[in-house]
Amino acid sequence: QVALVESGGGLVQAGASLRLNCAPSGRTGSIHAMGWFRQAPREERKFVAAITWGRGDTAYADSVKGRFTISRDNAKNTVYLQMNSLKPEDTAVYYCAARTYFSPTFSSAPTYNFWGQGTQVTVSS
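Residues numbered from 1 in each chain as written. Predicted model: local features only at pLDDT ≥ 70, side-chain atom pairs only at ≥ 80, totals over all residues. Heavy atoms only, no water.

Caption draft 1: Main features of the nonpolar core. Formed by 37 residues in total, the largest nonpolar core has its most connected members in M34, W36, L81, M83 and Y94. The set of elements that each furnish at least two residues to this core consists of β1 (2-7), β3 (18-26), β4 (33-39), β5 (46-52), β7 (68-73), β8 (78-83), β9 (92-99) and β11 (119-124). (Core = buried A, V, L, I, M, F, W, Y, C linked by side-chain atoms within 4.5 Å. Buried < 20%, exposed > 50% of the residue type's maximum accessible area, 1.4 Å probe, protein only. Helix = DSSP H or I, 4+ residues; strand = E, 2+ residues; numbered from the N terminus.)

Right under this line is the structure:
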């Protein structure tokens, strides 16, 4: 089992920055990749970014490329999502996810077998 705890959400104005943190615990040695997804009201959960735990390969949704950066600190067992130039359309609950097996698809939510509780990000115009 892997438990995930997110932190770092909040209310900011458009153009500001936020950094989300995700700290896995439990069988962290089994993690293959971690990702961030977001869900706005009345919308489905959508892929934001992902990173492999070993090599650090990354993937991003087109909507956040050039603005968001995912990174990990293996020593601290933490994954970060640095969000710059935030827009009102980035407003959502952001979820951290982890999977303990290989999949060639980063953006598919069902391929992740552990999820955090979510943290709210609100961007005002």
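Caption draft 2: Expanded view of the state of the cysteines. Applying the stated rule across the entire model yields one disulfide. Note on cysteine connectivity: C22 is disulfide-linked to C96, with sulfurs 2.0 Å apart. Every disulfide takes its handedness from the sign of the S-S torsion; for C22 and C96 that torsion is -85°, giving left-handed. Of the two residues, C22 sits in strand β3 while C96 sits in strand β9, which places them 74 residues apart along the sequence. (Disulfide = S-S within 2.5 Å.)

Caption draft 3: The arrangement of the packing of aromatic side chains in detail. Using the criterion set out here, one finds four aromatic pairs in the structure. Seen in terms of ring centroids, F37 and F47 are 5.6 Å apart; in terms of plane orientation they differ by 70°. Their pairing is edge-to-face. Separated by 10 residues along the polypeptide, F37 in strand β4 and F47 in strand β5 bring together distant segments of the chain. The residues F37 and F47 share a single accessibility class, namely buried. Each residue in the set F37, F47, Y112 and W115 is aromatic and connected to the rest through ring pairs, giving one cluster. Its guanidinium or amino end placed over the ring of Y112, R99 lies 4.7 Å from that ring's centre, counting from NZ or CZ. (Phe/Tyr/Trp six-rings, centres within 6.5 Å; stacked < 30°, edge-to-face > 60°. Lys NZ or Arg CZ within 6 Å of the ring centre and 35° of its normal.)

The quantities given are spatial measurements derived from coordinates; they are silent on function.
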